[in-house]
Amino acid sequence: MLILNKTAGVFSKPSKRNMYEFLRSFNFHSGKLFLHKLVLGIETSCDDTAAAVVDETGNVLGEAIHSQTEVHLKTGGIIPPVAQQLHRENIQRIVQDALSASKVSPSELSAIATTIKPGLALSLGVGLSFSLQLVDQLKKPFIPIHHMEAHALTIRLTNKVEFPFLVLLISGGHCLLALVRGVSDFLLLGKSLDIAPGDMLDKVARRLSLIKHPECSTMSGGKAIEHLAKQGNKLHFDFKPPMQRARNCDFSFSGLHHVIDKMIMQKEKEEGIEKGQILSSAADIAAAVQHTIACHIAKRTHRAILFCKQRDLLCQSNAVLVVSGGVASNLYIRKALEIVTDATQCTLLCPPPRLCTDNGIMIA
């Protein structure tokens, strides 16, 4: 707690008066006798302000979320100070909405759990500062949460999954493979050596100016690539999956991104258009990019499964691969992973889409 307080001190805290008024706004008392412990989860690691109340049996009593996607689409990416300001403007309302939806007053909470890492420092600081102030006022225990561990364990809210299992976390900020041996027991098998797959998809979408495409103007970069790829020929461009000879389970996307960037520049010259205009081959590029990323992720995951089975770290039959994170909602990538799990006698499980992206439920 001492370390966390020092960390939070870097960021501006809500005033005690504001926190007092916030707590006073809860003029209801549920009248219920809660038989289980209740945890408020707060998530502000990137660009979603989220909160939820969950009991110890896994029942979600209430949740609320504010997405910043629309703002960041206009700026062409997440700008940390902008994300921080939006978190500040919305965190009190989101926590209040989650508590109101759950019919739980702050005094009935058993603990407050908050993401403390990894993520954008400015964004994390908003949630941490607010939580510590709340903890101080309510005299409740504080539970620091590792964002990726929360993603890894979310599947146990919706499916009966026994330890150990393999987890693949793929998002705009992360890409890793880990063996989950227990609630706080993880063996890291591989991670991205540079950028994350979601970040690369966003960069390619920006380079292709897909926000100007009439069908993609309101979509995130990853969604725009997935949508346009359905109309394209994945074999029209021959991009090689990275690290094909690497004898490990790590990932890499920056080299592939560089190759794609050069190819787009070449196509712009061929078509005689300037940067910022939409290429006639945009759909083919989107399909080829998505296919190459899917192949890379599938091959590295295949290596991890074989490694775990050879070392008896996973069951030889009925082993489970859990895939979570924002990129896990890409159906093409998910299909590639299904081919891998079918070939290795594994079960592929994904949380529902709303639990794949950042949320307060997984933190609680």
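Residues numbered from 1 in each chain as written. Predicted model: local features only at pLDDT ≥ 70, side-chain atom pairs only at ≥ 80, totals over all residues. Heavy atoms only, no water.

Engineer: Would you take a moment to explain the layout of surface pockets for this structure?
Structural biologist: Any space left empty among the atoms is revealed by the rolling of a water-sized probe across them. Estimated volume of the largest pocket: approximately 1,400 Å³. Looking at the largest pocket, it is lined by 47 residues, and the ones nearest its centre are Asp47, Ile78, Gly172, Asp202 and Ser220. Looking at the lining of the largest pocket, the elements that each hand over two or more residues are strand S3 (60-67), helix H3 (69-75), helix H6 (147-153), helix H8 (197-207) and helix H9 (221-229). At six residues, H8 tops the list of elements feeding residues into the lining of the largest pocket. For the lining of the largest pocket, the class distribution of residues is 16 nonpolar, 22 polar and nine charged. Of the voids in this model, the second largest pocket is the one considered here, and its volume is about 680 Å³. Its residues assigned to classes, the lining of the second largest pocket shows 13 nonpolar, six polar and five charged. (1 Å grid on protein atoms, 1.4 Å probe; cavity = no way out; pocket = protein on both sides within 12 Å on 5 of 7 lines; lining within 4 Å. Points joined across faces, edges and corners; volume = space filled by probe spheres on them. Helix = DSSP H or I, 4+ residues; strand = E, 2+ residues; numbered from the N terminus. Nonpolar A, V, L, I, M, F, W, Y, C, P; charged D, E, K, R; others polar.)

Engineer: Sorry if this is basic, but what is going on with the sheet that holds strand S10 (residues 346-349) here?
Structural biologist: By definition, the strands of a sheet pair up through backbone hydrogen bonds, in either a parallel or an antiparallel sense. Spatially, the five strands line up as an open sheet ordered S8-S7-S6-S9-S10, and their pairing is mixed. The open sheet terminates on both sides in strands that have one partner only, identified here as strand S8 (185-191) and S10. The average undirected angle you get between the axes of adjacent strands in this sheet is 25 degrees. Direction of pairing for strand S6 (residues 165-170) relative to strand S9 (residues 319-324): parallel, over a ladder of four bridges. Opposite Val167, over in S9, you have Val322 as the bridge partner. The sheet contacts of helix H11 (residues 282-310) involve S6, strand S7 (175-182), S8, S9 and S10, and relative to S6 the element is tilted by about 160 degrees. (Pairing = 2+ DSSP bridges. Axes fitted to C-alpha atoms, helices over the stretch in contact; angles between N-to-C directions. Contact = heavy atoms within 4.5 Å.)

Engineer: Is there a simple way to think about the packing of aromatic side chains in this case?
Structural biologist: One pair of aromatic rings is described through two measures. These are the centre distance and the angle between the planes. Across all of its chains, the model carries three aromatic pairs by this definition. Ring geometry for Phe163 versus Phe165: centroids 5.8 Å apart, planes at 15 degrees, classification stacked. Taking relative accessible area as the criterion, Phe163 reaches 27% and is therefore assigned partly exposed. For Phe165, a relative accessible area of 0% gives the class buried. Residues Phe251 and Phe253 carry aromatic rings whose centres are separated by 6.4 Å and whose planes lie at 10 degrees to one another, so their mutual orientation is stacked. For the pair Phe251 and Phe253, a shared accessibility class is recorded, and that class is buried. (Phe/Tyr/Trp six-rings, centres within 6.5 Å; stacked < 30°, edge-to-face > 60°. Buried < 20%, exposed > 50% of the residue type's maximum accessible area, 1.4 Å probe, protein only.)

Note that all results are geometric; they support no functional claim without further evidence.
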